[in-house]
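Tertiary structure, described
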Amino acid sequence: MTDATPTLAPAPIPTTDPRVARAIDLVWREADLLDRKEYQDWNELFAEDGIYVIPIEPDTEDFANTLNMVYDDARMRRMRVTRMTEGYAIAAVDAARMVRTVSRFVPESVSDEEVVLRSSQVLVAYKRGDHDIWAADLEHRIRLSTDGPAADRIALKVVRLVDSEAAVPATGFLL
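Now for a look at the structure at hand.

Quick look at a nonpolar patch on the surface
A contiguous nonpolar surface patch, about 250 Å² in accessible area, is contributed by Val 122, Val 124 and Ile 133. Tracing the backbone shows Val 124 in strand 4 (residues 114-127).

What follows is the structure, given as structure tokens:
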């Protein structure tokens, strides 16, 4: 006979932890800025070394060495925001109106310096009489600042679209 003592999973990290609550507030602020097309302010939420990525391969963690729809560092985010906000750009002309819901927050790890959150997002975009629905699992790595919540920054945002391996139409907005 073997002694098969069941191994208990570690207790989940509560979303009521003040550090987690700060991270969730930042993610909600980000969603609001994106819905209002405040792309410059959105970009300011990222750390200087922050990465915004939309991978094609659903389970990849090696974003630098796999094909992505988007893999933006600070320079590429600035260029993307410029294209969407200045002059004539096909992505910005007649841009869709959007409403997104971000929920189902699951804290993966928490320290006084960083919170890693998983969540889900449903985005409805309306343009020229048509609605498009975009669903995704999100991962945010939030760097907490000793200067308070207003100085917290996104170190990593991963948008894993549920249909990432299918033909995905071009977007005139950020996910």
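As for the pattern of salt bridges
A complete count under the given rule lists 14 salt bridges for this structure. With a closest N to O distance of 2.5 Å, Glu 108 and Arg 118 form a salt bridge. Residue Glu 108 is found in strand 3 (residues 97-110), and its partner Arg 118 is found in strand 4; the two are separated by 10 residues along the sequence. Across the salt bridge formed by Glu 139 and Arg 141, the nearest N and O atoms sit 3.6 Å from each other.

Overview of the pairing of strand 1 (residues 46-55)
Among the 10 residues that make up strand 1, 8 are buried, leaving the element largely enclosed by the rest of the structure. Pairing of strand 1 with strand 6 (residues 153-161) involves 4 bridges; the strand directions are parallel. Paired with Tyr 52 across the two strands is Lys 157, which belongs to strand 6. Here 4 bridges tie strand 1 to strand 2 (residues 68-72), and the two strands are oriented antiparallel to one another. For Val 53, the partnering residue across the bridge sits in strand 2 and is Tyr 71.

Re the packing of aromatic side chains
The final tally for this structure, using the stated rule, is 4 aromatic pairs. Seen in terms of ring centroids, Trp 42 and Phe 46 are 5.0 Å apart; in terms of plane orientation they differ by 75°. Their pairing is edge-to-face. A relative accessible area of 5% means that Phe 46 is categorised as buried. Three or more aromatic residues joined by ring pairs make a cluster, and in this case those are Trp 42, Phe 46 and Tyr 52.

Considering the sheet that holds strand 6
Strand order in the open sheet made by the 6 strands is 2-1-6-5-4-3, with mixed pairing throughout. Edge positions in the sheet fall to strand 2 and strand 3, since each of these pairs with one other strand and no more. Across the sheet, the axes of successive neighbouring strands diverge by a mean angle of 15°, strand direction being ignored. Relative to strand 5 (residues 130-143), strand 4 runs antiparallel, the two sharing 14 bridges. The partner of Val 115 across the bridge, within strand 5, is Ile 142. Where helix 1 (residues 18-35) meets the sheet, its contacts fall on strand 1, strand 3, strand 4, strand 5 and strand 6, and the angle it forms with strand 3 comes to roughly 160°. With respect to the sheet, helix 3 (residues 74-85) is in contact with strand 1 and strand 2, its orientation differing from that of strand 1 by roughly 75°.

Here we look at the pairing of strand 3
When strand 3 meets strand 4, the two strands line up antiparallel, connected through 11 bridges. Bridging from a neighbouring strand, Val 110 pairs with Val 115 of strand 4. Counted between consecutive antiparallel strands, the loop separating strand 3 from strand 4 contains 3 residues.

The rules we used
- Residues numbered from 1 in each chain as written.
- Predicted model: local features only at pLDDT ≥ 70, side-chain atom pairs only at ≥ 80, totals over all residues.
- Heavy atoms only, no water.
- Patch = residues over 30% accessible without salt bridge, like charges linked within 9 Å, V, L, I, M, F, W, Y side chains within 5 Å.
- Areas by Shrake-Rupley, 256 points an atom, 1.4 Å probe, with all protein chains shown as cover.
- Salt bridge = Lys/Arg side-chain N within 4 Å of Asp/Glu carboxyl O.
- Helix = DSSP H or I, 4+ residues; strand = E, 2+ residues; numbered from the N terminus.
- Buried < 20%, exposed > 50% of the residue type's maximum accessible area, 1.4 Å probe, protein only.
- Pairing = 2+ DSSP bridges.
- Phe/Tyr/Trp six-rings, centres within 6.5 Å; stacked < 30°, edge-to-face > 60°.
- Axes fitted to C-alpha atoms, helices over the stretch in contact; angles between N-to-C directions.
- Contact = heavy atoms within 4.5 Å.

In short, the description is geometric, and any link to function would need to be established separately.
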